[in-house]
Amino acid sequence: MRNRPLVLTTESARHPFRQRLPAHVLRVVEDGPARLKRVRDDDSDWKLFGLSFAAFFTAFYSFIF
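Position numbers for residues start from 1 in each chain and track the written sequence from start to end. A pLDDT threshold of at least 70 governs which residues receive local features in this predicted model, and a stricter bar of 80 or more applies before side-chain atom pairs are shown or counted, although totals over entire chains, interfaces and linings include all residues. The basis for every side-chain value is the complete set of heavy atoms in the structure, and neither hydrogens nor water enter the calculation.

Undergrad: Sorry, what's going on with the overall build of the chain here?
TA: Tallying secondary structure elements over the chain gives four helices and zero strands in all. Scanning the chain from its N terminus toward the C terminus, one meets helices and strands in the order α-α-α-α. Note on exposure labels: buried denotes an accessible area under 20% of the residue type's maximum, exposed denotes more than 50%, and partly exposed covers the range between, all computed with a 1.4 Å probe on protein chains only. Burial statistics for the chain: of 65 residues in total, 2% are counted as buried. For the chain, the accessible surface area stands at approximately 6,900 Å², while carbon and sulfur atoms represent 63% of it. Per the convention used, a helix needs a DSSP run of H or I reaching at least four residues, while a strand needs a run of E reaching at least two, with both numbered from the N terminus. All accessibility values rest on the Shrake-Rupley procedure with a 1.4 Å probe; residue burial counts only the protein chains present in the view.

Pasting the structure below:
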């Protein structure tokens, strides 16, 4: 017989696996400094586009010559 720790199910978690998890695992904690770290750089899309374009151009150019 298996001995399992007592875990109360969470009604808001709909999946059976998530219902078996303890409440502290599902709790979302937002600290003040953690929210400030999520400031998104506005030019990150342009940087990704430039990097992707350069990589594609380099690969395509190397296959031609």
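Undergrad: Quick question: what am I supposed to make of the packing of aromatic side chains here?
TA: Centre-to-centre distance and the angle between the planes together describe a pair of aromatic rings. Two aromatic rings from Phe, Tyr or Trp, using only the six-membered ring of Trp, form a pair when their centres are within 6.5 Å; if the ring planes differ by under 30 degrees the pair is stacked, by over 60 it is edge-to-face, and anything between is tilted. One pass over the structure, following the stated rule, counts five aromatic pairs. Here Trp-46 and Phe-49 contribute two aromatic rings whose centre-to-centre distance is 6.3 Å and whose plane-to-plane angle is 90 degrees, an arrangement assigned as edge-to-face. Of the two residues, Trp-46 and Phe-49 are both situated in helix H4 (residues 44-64); the distance of three residues between them amounts to about one turn of the helix. Judged by its relative accessible area of 64%, Trp-46 is exposed. Grouped by ring-pair contacts, the aromatic residues Trp-46, Phe-49, Phe-53, Phe-57 and Tyr-61 constitute a single cluster.

Undergrad: I keep staring at the confidence of the model for the chain and nothing clicks. Help me out?
TA: What pLDDT reports is the predictor's confidence in each residue, on a scale of 0 through 100. Per-chain confidence: the chain averages 76 in pLDDT, with 62% of residues scoring 70 or above. Confidence, read as mean pLDDT per element, is least for helix H3 (residues 32-36) in the chain (60) and greatest for H4 (93).

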